[in-house]
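Coordinate analysis (summary)
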Amino acid sequence: MPLDTSTYSLALLRIDGRRWNDLRRLHAQIHTQDAADGSSYLEMGHTKVMCVVTGPAEPQAGQKKGTVGSAQATGQKEGASIVVNVVVAGFSSVDRKRRGRNDRRIQEMEITIQKALAANLHTHLFPHSTITVSLHVLSQDGSLLAALINATTLAVIDAGIPMTDYITACTAGSTSSYAAGDDAADPLLDLNTQEEQELPFLTVGTLGDSDKVAVLVCESRVQVSRLEGMLVVGVDGCKQVRRLLDGIVKQKGRKMIKEGAVRKSDMMAVSLDE
Amino acid sequence: MPITIHNPQPAGPAPRRPRAVDIDMDVASDSDSDSGTGGAAIQGDIPMHDDDDESIAQDEDDEFEEQGDARDEILTPGTVITSNSQWMRGHGTYVPLNTSSITSSLAGTLTRTNKLLSVRPLRARYNPEIGDLVVGRIVEVQAKRWRVDVAAAQLAILQISAINLPGGILRKRTETDELQIRSFFAEGDLLVAEVQQLHQDGAASLHTRSLKYGKLRNGVFVAVAGTGGGAGVVRSKRQLWTMEAANGGGKIDVLLGVNGYIWISKHIESDAAAEAAGINRMEESVSSQIYSSQNNHMDVTTMREIARCRSVILALVENGVKVDEDTVTRGYNEAVEFGRESMEDDIYLGGERGQRLAAALAGR
């Protein structure tokens, strides 16, 4: 039993020793591949994903008509279209399962990420072009959609595509199952696979430091009274993730300035208000 | 052992890590303190914490930094630059709905042109500008024009009227030319051209109406990141120059396209007799072979030097050094010295050798 309710109520520690509001270790790298326009690698606990962004570039011949197995923006008149491909490696989870390109769950993740990007990237600056996001899942241990969204954000920033703000995501769950009928169960942050299998959870993605929700996916049954608590904890987790990602981008930027690859700012942003 | 059970508490602010300065003062005031615990932190201004905590503590640290260091700071998407209405917003910024504050939409550094604020991205794809010298590859042949890959968001367009037709620069284009459009440029051909105009949607039109431009032969193609920040080709006075190759390799031409596409080739002397005959005659004699896809004869030594030059450029990019005439020439000379160290004259410059090259360039 992953989250033995009796143990949890005693020590208030989860099976991996975390408290209810602890994130797992988040490690990320930006610009991991020289040949790509933008790339990133992200680990949230044992969930490991890789992202490559190509574009904005001329659409490939096959992409114009809408390829099978990938999410694509349609009905966007003047802006760049966004194509998201998620590939789940066969060795990524405990049971070696073959997932085809038409797997419904993967398709839904592709569409979720694509919609979130389409709303927040400034695609109108690149008419008649395509931005392709390729995501590879190397290892799965819960919060997969959240990890994919965070990796995509980093890779898009690396590609230098203008966007409104960071889109950061994390999961939030509840300490008892739906069947337990506990209306006052405590919320949990950043679930791993074992917890996801047992407990109701949702994935929430927010825009920058604001409370604007860009992504919200809940696939499990949960009492409506618990939802608010889960959402609050999830949004708070997203802000923590944003701080971590922002630190990674800034660290990379400082390194590039030090190497002389990028010129320094002409002036400080603070002095402009005077 | 008794276990104390606390109820869940809302997440508070991250605990403030002791800064190096604090520890410094503690040690100074308390001479009895164990140097083993604080000793490592006294070395400098660097806060001692591991990777994961760094970003959380970062926001605090920045406030304490001096003005000079703050210019190292980079803007990230969503950072408010200013809410003062006297500034105008440029590239890489936007104004969110229902506000008047200029906000960054990229990760990069701030540039100011009078009252215009823009953000220079750390890395971005090539963005064409009129007058840019670019190297491109033909992707598509259409009835009266070619579509050329120049590493931009869209393919560039090269009209048949924008090239030098064989048999004189001033000849009118005819239907025959349109029918044999593939005899000038076919799919996969490389060419050097200039950006003539930009369309409404950002696509570029090219032209090759100069003897400097046209089809590329006798060399090797290298693609690196283009302008817009990061290591790569920078816009400079000279994008094309000829240099003397070492080891009797003759002369080689290096052509740095602003879009990050590079062409390194053997230098071909233009025919002296034709040059003497006057400008119009020269056009005629040159243009008979201008669209040839046949390479000239090339010595193995020349090929080696071209390959060495290519390794230099790739090593520069790998180590974050910008690519321009100065760095390439100096890097090439260093590479020749490196080659002399070993018996077999190694031209490979990856990994450690590349780092050594970059270090030699930085140290002058």
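Residues numbered from 1 in each chain as written. Chains lettered and ligands numbered in written order. Predicted model: local features only at pLDDT ≥ 70, side-chain atom pairs only at ≥ 80, totals over all residues.

1. Considerations on the overall build of chain A
In terms of regular secondary structure, chain A is built from 5 helices and 10 strands. Across the 274 residues that make up chain A, the buried fraction comes to 51%. Nonlocal contacts in chain A, meaning residues at least 24 apart in sequence, comprise 72% of its contacts between residues at least 6 apart. (Helix = DSSP H or I, 4+ residues; strand = E, 2+ residues; numbered from the N terminus. Buried ≥ 20, exposed ≤ 12 C-beta atoms within 10 Å, placed from the backbone. Contact = placed C-beta atoms within 7 Å.)

2. Re the sheet that holds strand β7 (residues 167-174) of chain A
Residues and elements named next belong to chain A. Here 4 strands make up an open sheet; going across it, the order is β8-β7-β9-β10 and the pairing antiparallel. Whereas interior strands pair on both sides, the edge strands pair on one side only; in this sheet they are β8 (187-189) and β10 (213-218). On average, each strand axis in the sheet is inclined to that of its neighbour by 25 degrees, with strand direction left out of account. Of the strand pairs in this sheet, β7 and strand β9 (residues 201-207) are connected by 7 bridges, and their pairing is antiparallel. The partner of C170 across the bridge, within β9, is V204. Sheet strands in contact with helix α3 (residues 144-158) are β7, β9 and β10, and its direction is about 165 degrees off that of β7. (Pairing = 2+ DSSP bridges. Axes fitted to C-alpha atoms, helices over the stretch in contact; angles between N-to-C directions.)

3. Some words on α3(A)
All names here are of chain A. Taking 1.5 Å of rise per residue, the 15 residues of α3 would be expected to cover 21 Å, and the 21 Å separating its terminal C-alpha atoms lies within 8% of that figure. In terms of burial, α3 is a largely internal element, 15 of the 15 residues being buried. Following α3 by one or two positions, G160 adopts a phi angle in the positive range, close to 70 degrees. (Expected span 1.5 Å × (residues − 1).)

4. Quick word on the pairing of strand β14 (residues 240-244) of chain B
All names here are of chain B. Relative to strand β15 (residues 251-256), β14 is paired through 5 bridges, and the arrangement is antiparallel. Counterpart to E244 in the pairing with β15 is K251. Connecting β14 to the next strand, β15, in antiparallel fashion are 6 residues, including N247 with a positive phi near 55 degrees.

5. Quick look at the environment of Y94(B)
Residues and elements named next belong to chain B. Residue placement: Y94 occurs in strand β3 (residues 93-94). Looking at Y94, the number of C-beta atoms within 10 Å reads 18, which means it is partly exposed. It is 43 Å that separates the C-alpha atoms of Y94 and E352, two residues lying 258 residues apart in sequence.

6. As for the sheet that holds β3(B)
All names here are of chain B. Ordered in space as β1-β4-β3, the 3 strands form an open sheet in which the pairing is antiparallel. Strands at the two margins of the open sheet, each flanked by one partner only, are β1 (80-82) and β3. As paired strands, β3 and strand β4 (residues 102-104) are joined by 2 bridges and run antiparallel to one another. Within β4, the residue paired with Y94 across the bridge is T103.

7. Quick notes on the pairing of strand β3 (residues 47-57) of chain A
Residue and element names in this part refer to chain A. The buried fraction of β3 amounts to 11 of the 11 residues, a majority that puts the element mostly inside the structure. Relative to β3, strand β2 (residues 38-44) runs antiparallel, the two being bridged by 7 bridges. Looking at β3, one finds that S40 is bridged to C51. Connecting the antiparallel pair β2 and β3 is a turn made up of 2 residues, with G45 showing a positive phi of about 65 degrees.

8. Re the UniProt feature "domain: Exosome complex component N-terminal" (unreviewed entry) in chain B
The UniProt record marks residues 75-113 of chain B with the feature "domain: Exosome complex component N-terminal" (unreviewed entry), using the residue numbering of this structure. From the first C-alpha to the last, residues 75-113 of chain B spans 17 Å; its make-up is 0% helix and 41% strand. (UniProt positions renumbered as here; feature names shortened; annotations may be inferred.)

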